[in-house]
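Examination of the molecular architecture
For reference, the chains in residue letters:
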Amino acid sequence: MSEVMAVGEKTPRIGFVSLGCPKALTDSELILTQLSAEGYQTSKTFEGADLVIVNTCGFIDDAVKESLDTIGEALAENGKVIVTGCLGAKAGEGGGNLVRQIHPSVLAVTGPHATQEVMDAVHANLPKPHDPFVDLVPAAGVKLTPKHYAYLKISEGCNHRCTFCIIPSMRGDLVSRPIGDVLKEAKALFEGGVKELLVISQDTSAYGVDLKYRTGFHDGRPVKTRMLELVQALGEMAEPFGAWVRLHYVYPYPSVDEVIPLMATGKVLPYLDVPFQHSHPDVLRRMKRPASGEKNLERIQRWREACPEIVIRSTFIAGFPGETEEEFEHLLEFMREARIDRAGCFAYSPVEGAAANELPGMVPAELREERRARFMAVAEEVSASKLRERVGATMQVLVDSAPALGRKGGVGRSYADAPEIDGTVRLLPPEKLSKQLKVGEFTKARIVGAEGHDLIAVPV
Ligand code: SF4
């Protein structure tokens, strides 16, 4: 099976041939996504491309021949060829690399699952273009996520300078995508069957700050480039598709309060991913965290009053330089009182180039790890008790997997579970024999138990 894929016609252009099995196709998708995210375009023809990548198969003799012939063809028609995939890992006579023995002029050869090596070879031979917007978002056609959920990146870079983070030095200051483009992409995703849209960025609450909240247009209507208006528009857009909108990386600024009523009325999921990192004001100041002066506990309590079903996910750092036992206990107390539904915690680890490395009072590694474990014990207690409270309730579940139409059950997620990072809802076989479960569709499910980070439920 072979396919020459095309994403567009702008330079620099890469010809891409994918040969072989579904695993090879997944590798191709990864490489194409990365190429697309970095602003490369793909060409339909070898001659129209600046470089060609051939993802090969080495399973049976016919496949080896087809791969070697394709490489030869690409070399003849284009001249600049990078080879990846199973054949790339195969030894030839005398133990050398088979591809290199037959086609010594190829630029680089890698084995399978080698996206980074392939990208390094591409960068070395065809420097990547600079386009901040293309850098942000893979073209909708080259998605790695299952078809029913998709990430919508609304901005790149960050105006903050948290002392443990080097993202701003790598990606620069905040660059918000124009709201018209963001909404157009969201619409295309919903129309393409996406049932859950995950809004991401480095700082979702800051969306539009760099553009001074400029008014843009979508479907001929003016819309401000600002988080509230964006969330409102996404919520309205999702409604006719019966789709979910989930917000990630939101900082607890007062402006976020305005989004909570949209959650309470079901326009967007009552789920907020807020990376608090710590609770003690002195630690937050040393971290130079955004919104570090805010009274986070009171803010969370107000959010919960306005929208009782809100689920809060967060990440924390234990053992940040200078963290005293008292400051750490403040964090544990915060965790108990705020009852963060989903919390992750990292033991502080110095990142090369981060300002925090220069702070006095580095906490010994064992103590950092010990605090992380103590934090997680509290977090797991909170999370488990919150999950137990759901037993007996009926929830809307988006089905992620359902072999044999769910006759033996499947796996899904409720509004409280973001894909990849939170728990799941393990679905038992449906009560009614006639009921089927389909991936990417919703089902109601009665919660019958909780285990670890997951719920167990019967589809009804
Ligand atoms: S950790 Fe801080 S500096 Fe880094 S991306 Fe997030 S807000 Fe910006």
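Each value, and the rule that gives it
Residues numbered from 1 in each chain as written. Predicted model: local features only at pLDDT ≥ 70, side-chain atom pairs only at ≥ 80, totals over all residues. Heavy atoms only, no water. Helix = DSSP H or I, 4+ residues; strand = E, 2+ residues; numbered from the N terminus. Rg over C-alpha atoms; globule rule 2.2 N^0.38 Å. Buried < 20%, exposed > 50% of the residue type's maximum accessible area, 1.4 Å probe, protein only. Areas by Shrake-Rupley, 256 points an atom, 1.4 Å probe, with all protein chains shown as cover. Lys, Arg positive; Asp, Glu negative; His and termini not counted. Charge placed at Lys NZ, Arg CZ, Asp CG, Glu CD. 1 Å grid on protein atoms, 1.4 Å probe; cavity = no way out; pocket = protein on both sides within 12 Å on 5 of 7 lines; lining within 4 Å. Points joined across faces, edges and corners; volume = space filled by probe spheres on them. Nonpolar A, V, L, I, M, F, W, Y, C, P; charged D, E, K, R; others polar. UniProt positions renumbered as here; feature names shortened; annotations may be inferred. Contact = heavy atoms within 4.5 Å. Salt bridge = Lys/Arg side-chain N within 4 Å of Asp/Glu carboxyl O. Pairing = 2+ DSSP bridges. Phe/Tyr/Trp six-rings, centres within 6.5 Å; stacked < 30°, edge-to-face > 60°. Core = buried A, V, L, I, M, F, W, Y, C linked by side-chain atoms within 4.5 Å. pLDDT = per-residue confidence, 0-100. Expected span 1.5 Å × (residues − 1). Arc of directions from axis to C-beta.

1. Topic: the overall build of the protein chain
Looking only at helices and strands, the protein chain has 13 helices and 21 strands in total. In summary, the protein chain has a C-alpha radius of gyration of 25 Å against a globular reference of 23 Å for 460 residues, a match within 12%. Each principal axis of the C-alpha atoms in the protein chain carries an extent, and together these give about 70 × 65 × 55 Å. In the protein chain, which comprises 460 residues, the share counted as buried stands at 52%. Accessible surface computed for the protein chain: about 20700 Å², of which carbon and sulfur atoms make up 54%. Separation of charge centres in the protein chain, based on 53 positive and 62 negative side chains, amounts to 5 Å.

2. A few points about empty space enclosed by the protein
Applying the stated rule across the entire model yields 2 cavities of 30 Å³ or more. The calculated volume of the largest cavity comes to roughly 60 Å³. Tyr251, Pro252, Pro275, Phe276, Leu284, Arg289, Pro290, Ala291, Ser292 and Asn296 are the residues that line the largest cavity. Taken together, the residues of the lining of the largest cavity break down into 7 nonpolar, 2 polar and 1 charged.

3. Quick word on the UniProt feature "binding site: [4Fe-4S] cluster 1" (unreviewed entry) in the protein chain
Listed under "binding site: [4Fe-4S] cluster 1" (unreviewed entry) in the UniProt record, and renumbered for this structure, are Cys21, Cys57 and Cys86. By relative accessible area, which is 14% here, cysteine 57 ends up buried. Relative to the elements of secondary structure, cysteine 86 occurs in the loop between strand S5 (81-85) and helix H3 (98-102). Once you skip the residues sitting within four places of it in the chain, cysteine 86 turns out to touch Thr56, Gly58 and Pro112.

4. Focus on the pattern of salt bridges
Going through the model one piece at a time under the given rule, you end up with 30 salt bridges. With a shortest N-O distance of 3.2 Å, lysine 386 and aspartate 341 are connected by a salt bridge. Of this pair, lysine 386 sits in helix H13 (residues 365-388) while aspartate 341 sits in the loop between helix H12 (325-338) and strand S16 (342-347), and the two are 45 residues apart along the sequence. The exposure class assigned to aspartate 341 is buried, which follows from its relative accessible area of 10%. Here arginine 426 and glutamate 451 are joined by a salt bridge, their closest N and O atoms 3.1 Å apart. Of the two residues, arginine 426 sits in strand S19 (residues 425-427) while glutamate 451 sits in strand S20 (residues 442-451), which places them 25 residues apart along the sequence. Sharing partners across several salt bridges, the network here consists of Glu323, Glu325, Glu329, Glu370, Arg371 and Arg374.

5. Digging into unusual backbone geometry
Trans is the common state for peptide bonds, and a negative phi is the common state for residues other than glycine. In this structure, lysine 212 is a non-glycine residue whose phi angle is positive, near 55°. By secondary structure assignment, the location of lysine 212 is in the loop between strand S10 (196-200) and strand S11 (215-218). One non-glycine residue with positive phi stands out, namely arginine 339, at about 45°. One can find arginine 339 in the loop between H12 and S16.

6. Let's talk about the pairing of S10
Buried residues dominate S10, accounting for 5 of its 5 residues. Residues Glu196, Leu198 and Ile200 line one face of S10 and the alternating positions Leu197 and Val199 line the opposite face, and both faces are buried. Across 5 bridges, strand S7 (residues 149-153) lies against S10 in parallel orientation. The residue of S10 that forms the bridge with tyrosine 151 is leucine 198.

7. Comments concerning the packing of aromatic side chains
Any aromatic ring pair is given by two values, namely how distant the centres are and how the planes are angled relative to each other. If you walk through the whole model with that rule in mind, you get 9 aromatic pairs. With 5.3 Å between their ring centres and 80° between their planes, phenylalanine 320 and tyrosine 348 make a pair best called edge-to-face. Taken together, the residues phenylalanine 320 in the loop between strand S15 (311-318) and H12 and tyrosine 348 in the loop between S16 and H13 connect sequence positions 28 residues apart. The buried category is assigned to tyrosine 348, whose relative accessible area is 3%. Each member of the aromatic cluster is reached from another via a ring pair, and the members are Phe276, Phe316, Phe334 and Phe375.

8. Focus on the nonpolar core
With 57 residues, the main nonpolar core has Leu247, Leu272, Ile340 and Phe375 as its most contacted residues. Element by element, the count of residues in this core is highest for helix H8 (residues 227-238), at 8 residues. With sequence-adjacent residues up to four places away left out, phenylalanine 375 is seen in contact with Phe316, Phe328, Leu331, Leu332, Met335, Ala343, Gly344 and Cys345. Residues Tyr271, Leu387, Ala418 and Ile447 belong to the second largest nonpolar core, which totals 20 residues.

9. Description of the side chain of glutamine 277
Topologically, glutamine 277 is positioned in the loop between strand S14 (271-273) and helix H10 (281-287). Residue classification places glutamine 277 among the buried residues on the basis of a relative accessible area of 9%. Non-local contacts of glutamine 277, meaning those with residues more than four positions away in its chain, are made with Phe164, Met287, Arg289, Thr315, Phe316 and Ile317.

10. As for the confidence of the model for the protein chain
Put simply, the protein chain has an average pLDDT of 89, and 93% of its residues get 70 or more. Counted against residues more than four places away or in other chains, residues 1-9, with its pLDDT under 50, gives 30 contacts. Note on residues 132-141: pLDDT is under 50 here. Beyond four places in sequence and across chains, it has 30 contacts.

11. Some remarks on H12
For H12, spanning 14 residues, the distance from its first C-alpha to its last is 20 Å, which sits close to the expected 20 Å at 1.5 Å a residue. Glu327, Phe328, Leu331, Leu332, Phe334, Met335 and Ala338 are the residues of H12 that are buried. Buried residues in H12, looked at end-on, bunch into an arc of 155°, giving them a common side. Buried residues along H12 sit against H10, helix H11 (296-306), S15, S16 and H13. Among the residues trailing H12, arginine 339 stands out with phi positive, at a value near 45°.

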